[in-house]
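Below, each chain spelled out in residue letters.
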Amino acid sequence: MKRWLLFIEPAVLSMAGMRLLSAAIEMIAALVMLLFNDVKKALAVNAILAVVGPTIFIITMTIGLLSLADELSFSKLGFIALGVILILIGIYK
């Protein structure tokens, strides 16, 4: 297992780690909802998750873009940034 991890690019490992963290937070939130067994409290937990998801998304995209920054032109980075902005507008509007 240790040798296998040496061949994974650090940026990819970081991005996957962030997604695993996000999944763990989602699972814990689901268990908390079941534990509370109350719609109001479950809705409050769900509201917190609405902040966690986009935050993990932005961090993961930033890690990926920083690792590709030297390989991409400024126009391509601009299109990617525009796409991320449009996704966030779609989420919050």
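Above this text you will find the structure in question.
Since the structure is predicted, the reported quantities are computational estimates derived from the model, not experimental observations.

S.K.: Just give me the short version of the overall build of the protein, but keep the residues and values in it.
M.R.: The secondary structure content of the protein amounts to four helices and zero strands. When the helices and strands of the protein are placed in sequence order, the string is α-α-α-α. Since a compact globule built from 93 residues should have a radius of gyration of about 12 Å, the 17 Å found for the protein marks it as more spread out than a globular shape. In terms of its C-alpha atoms, the protein occupies a principal-axis envelope of roughly 50 × 40 × 10 Å. Sorting the 93 residues of the protein into buried and exposed places 16% on the buried side. Long-range pairs, those at least 24 residues apart, make up 64% of the contacts in the protein with a sequence separation of at least 6.

S.K.: So what's going on with a nonpolar patch on the surface? Which residues, and what values?
M.R.: A grouping of F79, L82, I85, L86 and I89 is seen on the molecular surface, where their side chains present a nonpolar patch of about 520 Å² in accessible area. Among the secondary structure elements, L82 is positioned in helix α4 (residues 74-92). Looking at L82, the relative accessible area reads 43%, which means it is partly exposed.

S.K.: Would you mind going over the packing of helix α2 (residues 10-36) against helix α3 (residues 39-68) in detail, with residue names and values included?
M.R.: When two helices pack together, you describe them by how their axes are tilted relative to each other and by the distance separating the axes. For the pair α2 and α3, interaxial distance at closest approach is 9 Å and the crossing angle is 180 degrees. In terms of orientation, α2 and α3 fall into the roughly antiparallel class. Here the residues of the contact of α2 with α3 are counted per class, giving 17 nonpolar, six polar and three charged.

S.K.: Tell me about the packing of aromatic side chains, and name the residues and values.
M.R.: Overall, the coordinates contain zero aromatic pairs when judged by the stated rule. When the ring centre of F36 is taken as origin, the NZ or CZ atom of K41, which lies over that ring, is 5.3 Å away.

S.K.: Please give an account of the environment of L77 that cites residues and values.
M.R.: Mapped onto the elements of the fold, L77 is located in helix α4. Taking C-alpha positions, L77 is 36 Å from A30, a pair spaced 47 residues apart along the chain.

S.K.: Describe α3, with residues and values.
M.R.: Over its 30 residues, α3 extends 43 Å from the first C-alpha to the last, a length consistent with the 44 Å expected when each residue adds 1.5 Å. Here α3 has its buried residues at A42, V45, L49, V52, P54, I56, F57, T60 and G64. Where α3 is buried, its residues meet α2 and α4.

Here is what the cut-offs are and how they apply
- Residues numbered from 1 in each chain as written.
- Predicted model: local features only at pLDDT ≥ 70, side-chain atom pairs only at ≥ 80, totals over all residues.
- Heavy atoms only, no water.
- Helix = DSSP H or I, 4+ residues; strand = E, 2+ residues; numbered from the N terminus.
- Rg over C-alpha atoms; globule rule 2.2 N^0.38 Å.
- Buried < 20%, exposed > 50% of the residue type's maximum accessible area, 1.4 Å probe, protein only.
- Contact = heavy atoms within 4.5 Å.
- Patch = residues over 30% accessible without salt bridge, like charges linked within 9 Å, V, L, I, M, F, W, Y side chains within 5 Å.
- Areas by Shrake-Rupley, 256 points an atom, 1.4 Å probe, with all protein chains shown as cover.
- Salt bridge = Lys/Arg side-chain N within 4 Å of Asp/Glu carboxyl O.
- Axes fitted to C-alpha atoms, helices over the stretch in contact; angles between N-to-C directions.
- Parallel < 35°, antiparallel > 145°, perpendicular 65-115°, else oblique.
- Nonpolar A, V, L, I, M, F, W, Y, C, P; charged D, E, K, R; others polar.
- Phe/Tyr/Trp six-rings, centres within 6.5 Å; stacked < 30°, edge-to-face > 60°.
- Lys NZ or Arg CZ within 6 Å of the ring centre and 35° of its normal.
- Expected span 1.5 Å × (residues − 1).

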